[in-house]
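# Working through the structure, step by step
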Amino acid sequence: MKDINTKLMKAVEQMPAFPKSVHQVLKLAGDISCSQKDLVEVIKKDPVFTLKILRLVNSAYFGLSRDITSINHASVYLGLNTLKNVALGLAAVGAIPKSTADRMDMGGFWLHSLATATTTQMLGLKLGVSRDDSTDYFAAGLLHDIGKIVFALYMPDEYEAASAMASKPGVALHECELEVLGATHADIGALLAEKWNLPINLHDAIAYHHSVGVGHSSQLLDCLFSANQIVKKLSFGVAGDFEIAPLPQSVQDRFSMDIDGMIASLSSLDEEVDRARVFIKLGEAE
């Protein structure tokens, strides 16, 4: 076990760090006494990042009725938590090395992640989460599978073997990873979340997104788990396997419906996912 942990930590350490400005944003946003002015001042010190945020805020994703020309205006229109998650999402996408595309289908990976993010957020809104707080749900969905990238980059042979095993029907990728690598993408994703100093709710979403119903539960986790299965059932992108896990009874009780009922209630999902693609486009831009 010690050897496995050492190997995982070594892989995580090779991942790029977040920009200093984003670390400061996350630190400030986690401080209950933080003001929007403090947050804005940190973001403004990074002009490239400021431009990316403004482009995202002015995209069809937010659909605002007027152009936002400054981070000050953006913070007023969006709210502190949404601004934090916009910065977080763009930084996470930007931190993925370009060489990852040689190891895995990044288009398929990001489409699965974006669709899961969008679905998690929509389910959160259905449960009464505020628009500002629902961006935590989007961030959780966007980053839930981030550990797959660490495996693909820094433990490629083992991950390829696990992926090959998971291509067969009736087999879950995270179980194959455990067998071949001694850990799952959720495990190594949680270590990366620690390296990046992500908020605790996001760390836990990444760590436990396959563990709902077996000791881990929260409203955010239930939404993320459900979204992951819905997106796989609807074949958005590449999840790494074809196994759709049954929703625990506690999750069905929370929503008062089964997975087919949830899908039926998400009639605008295609359009919402399409709008969210701008996250990847701007995040990847130099």
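Residues numbered from 1 in each chain as written. Predicted model: local features only at pLDDT ≥ 70, side-chain atom pairs only at ≥ 80, totals over all residues. Heavy atoms only, no water.

## Things to note about the overall build of the protein
Within the protein, the secondary structure is distributed over 18 helices and zero strands. Here the C-alpha atoms of the protein give a radius of gyration of 18 Å, agreeing with the 19 Å that 2.2 N^0.38 yields for 286 residues. Dimensions of the protein, computed from C-alpha atoms along their principal axes, come out at roughly 50 × 45 × 35 Å. Relative to its 286 residues, the protein shows a buried fraction of 52%. Of the contacts made within the protein by residues no fewer than 6 positions apart, 71% connect residues no fewer than 24 positions apart. Total accessible area on the protein stands at roughly 12900 Å², and carbon and sulfur atoms take up 53% of it. In the protein, 25 positive and 34 negative side-chain charges are present, and the distance between their average locations comes to 7 Å. (Helix = DSSP H or I, 4+ residues; strand = E, 2+ residues; numbered from the N terminus. Rg over C-alpha atoms; globule rule 2.2 N^0.38 Å. Buried < 20%, exposed > 50% of the residue type's maximum accessible area, 1.4 Å probe, protein only. Contact = heavy atoms within 4.5 Å. Areas by Shrake-Rupley, 256 points an atom, 1.4 Å probe, with all protein chains shown as cover. Lys, Arg positive; Asp, Glu negative; His and termini not counted. Charge placed at Lys NZ, Arg CZ, Asp CG, Glu CD.)

## Examining the pattern of salt bridges
Where charged atoms from two side chains of opposite charge come close, those side chains can pair. The full count for this structure, using the stated rule, is ten salt bridges. Between K7 and E158 there is a salt bridge, with its nearest N and O atoms 2.7 Å apart. One end of the pair, K7, is in helix α1 (residues 2–13); the other, E158, is in helix α10 (residues 156–166), with 151 residues separating them in the sequence. Given a relative accessible area of 41%, K7 falls into the partly exposed group. For E158, a relative accessible area of 23% puts it in the partly exposed group. A salt bridge links D260 to K233; its shortest N-O distance comes to 2.9 Å. Of the two residues, D260 is situated in helix α16 (residues 259–264) and K233 in helix α14 (residues 219–233); the sequence distance between them amounts to 27 residues. Its relative accessible area of 44% is what places D260 among the partly exposed residues. Residue K233 is classed as partly exposed on the basis of its relative accessible area, which comes to 38%. (Salt bridge = Lys/Arg side-chain N within 4 Å of Asp/Glu carboxyl O.)

## Some details on the packing of helix α7 (residues 106–126) against helix α17 (residues 269–276)
A pair of packed helices is characterised by two quantities: the angle between their axes and the separation of those axes. Between α7 and α17, the shortest axis-to-axis distance is 9 Å and the interhelical angle comes to 120°. In terms of axis orientation, α7 runs oblique to α17. Judged by the twist between their axes, the crossing of α7 over α17 is right-handed. Two secondary-structure elements touch here, α7 through L111, L114, A115, T118, T119 and M122 and α17 through L269, E272, V273 and A276. Residues belonging to the contact of α7 with α17 are distributed by class as follows: seven nonpolar, two polar and one charged. (Axes fitted to C-alpha atoms, helices over the stretch in contact; angles between N-to-C directions. Parallel < 35°, antiparallel > 145°, perpendicular 65-115°, else oblique. Left-handed = near helix turned anticlockwise from the far one by under 90°. Nonpolar A, V, L, I, M, F, W, Y, C, P; charged D, E, K, R; others polar.)

## Structural notes on the packing of helix α2 (residues 20–29) against helix α3 (residues 36–44)
Relative to each other, α2 and α3 sit at 175°, their axes nearing to 9 Å. Between α2 and α3, the angle is such that the two are roughly antiparallel. Contacts between α2 and α3 involve S21, Q24, V25, L28 and A29 from the former and D38, L39, V42 and I43 from the latter. The residue makeup of the contact of α2 with α3, split by class, is six nonpolar, two polar and one charged.

## A look at the UniProt feature "domain: HDOD" (unreviewed entry) in the protein
The feature "domain: HDOD" (unreviewed entry), as given by UniProt, occupies residues 15–212 in the numbering adopted here. End C-alpha atoms of residues 15–212 are separated by 28 Å, and the span's content is 67% helix alongside 0% strand. (UniProt positions renumbered as here; feature names shortened; annotations may be inferred.)

## Overview of helix α13 (residues 200–208)
For α13, the complete set of buried residues consists of L202, H203, A205, I206 and A207. Where α13 is buried, its residues meet α6 (80–94), α8 (134–143), α9 (146–154), α12 (185–195) and α14.

## Notes on the nonpolar core
For soluble globular proteins, nonpolar side chains are generally found buried alongside one another. Counting residues in each nonpolar core, the largest one holds 96 residues, and the members touching the most others are F18, I53, L142, I149, W196 and L198. The greatest single-element share of this core, amounting to nine residues, is contributed by α6. In contact with L142, not counting residues within four places along its chain, are G89, V93, W110, S113, L114, A117 and I280. (Core = buried A, V, L, I, M, F, W, Y, C linked by side-chain atoms within 4.5 Å.)

## A closer look at α9
Extensive coverage of α9 is indicated by the burial of eight of its nine residues. For α9, the complete set of buried residues consists of I146, G147, K148, I149, V150, F151, A152 and L153.

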